[in-house]
Amino acid sequence: MSIHIEATPGQIAETVLLPGDPLRAQWIAKKFLKKVVQYNSVRNMLGFTGIAPNGKRISVQGSGMGMPSLGIYTNELIKDYGVKNIIRVGSAGSLSERLPCNSIIIAAGACTDSGMNDRRFHGMNFAPIANWGLLKKADKVASKMKVDVTVGNIISVDKFYEDVEPHTWKVFKEYGVLAIEMETAELYTLAAKNEINALTILTISDNLVTGDHLSASKRERSFKDMVKIAVEL
């Protein structure tokens, strides 16, 4: 048992899917897993363990919004429960006209405007990247499922509502960054430090260039392909 997760030893699998929304964690567990056991309800940040269709035991844990919140759960999953593989499944805002809503991105790397790594590396730059084995396998799984995915760079930001000009995403768009979200840079950094495997798979829920966006109900339905890829991993 850790500070924010009340699971007992052995209740959490070595592979964890990590959505930000705890209700999405519940939806994934009910929709995709069998023999599901809920192991966490602390702060309503729900966590579940079950059996995937391929027979593997996996867990699904909500992580909250933003890098500080994700950092709490990722640290505890690794250090207190021995988790070896973490796959973030989340939403993102597209920075490209070529990636409309419902597009799926596999994040090869994560730029960031956060000060968290500035503190870690004393002002030097660190490049948070995905685990190559998981990334390569995810691409193969998507191809086998005939689901189109785009592999590339994203940016993880601290602020959901930007109040300065120029907007951060506009600068990074010029350098081919595909999408914007709030968690992956911290996940990839912690994975590197703790020598575990991490990957982020994202579904585009809104497009910052065109202004298109999905409703809450459409988000749930459109996330199925992303989760299927993650579960198969």
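Up top is the structure these notes are about.
To keep things clear, this report deals only with the structure shown in the data block. (Residues numbered from 1 in each chain as written. Predicted model: local features only at pLDDT ≥ 70, side-chain atom pairs only at ≥ 80, totals over all residues. Heavy atoms only, no water.)

**Points about helix α4 (residues 132-144)**
Taking 1.5 Å per residue as the helical rise, α4 with its 13 residues ought to reach 18 Å, and the 18 Å between its terminal C-alpha atoms agrees with that figure. Where α4 is buried, its residues touch β5 (85-94), β6 (104-112), β7 (149-156), β9 (197-207) and α8 (224-232). With a side-chain oxygen lying 3.1 Å from the backbone nitrogen of G133, the N-terminal cap of α4 falls on N131. One or two positions beyond α4, positive phi appears at K146, with a value near 60°. (Helix = DSSP H or I, 4+ residues; strand = E, 2+ residues; numbered from the N terminus. Expected span 1.5 Å × (residues − 1). Contact = heavy atoms within 4.5 Å. Polar contact = N/O pair within 3.5 Å; in protein donor to acceptor, adjacent residues only side chain to side chain.)

**Re the pairing of β6**
Counting buried residues along β6, seven of its nine residues qualify, which places the element largely inside the surrounding structure. Two elements, β6 and β7, share eight bridges in a ladder whose sense is parallel. Bridging across to β7, I104 finds its partner in V149. Across four bridges, β6 lies against β9 in antiparallel orientation. The residue bridging A107 from the neighbouring strand is T200, located in β9. (Buried < 20%, exposed > 50% of the residue type's maximum accessible area, 1.4 Å probe, protein only. Pairing = 2+ DSSP bridges.)

**Here we look at the packing of helix α2 (residues 67-81) against helix α6 (residues 184-194)**
For the pair α2 and α6, interaxial distance at closest approach is 9 Å and the crossing angle is 25°. With respect to each other, α2 and α6 are oriented roughly parallel. As for how α2 packs across α6, the hand of that crossing is right-handed. The residues of α6 that touch α2, namely those facing M67, L70, G71, T74, N75, I78 and K79, are A185, E186, L187, L190 and N194. (Axes fitted to C-alpha atoms, helices over the stretch in contact; angles between N-to-C directions. Parallel < 35°, antiparallel > 145°, perpendicular 65-115°, else oblique. Left-handed = near helix turned anticlockwise from the far one by under 90°.)

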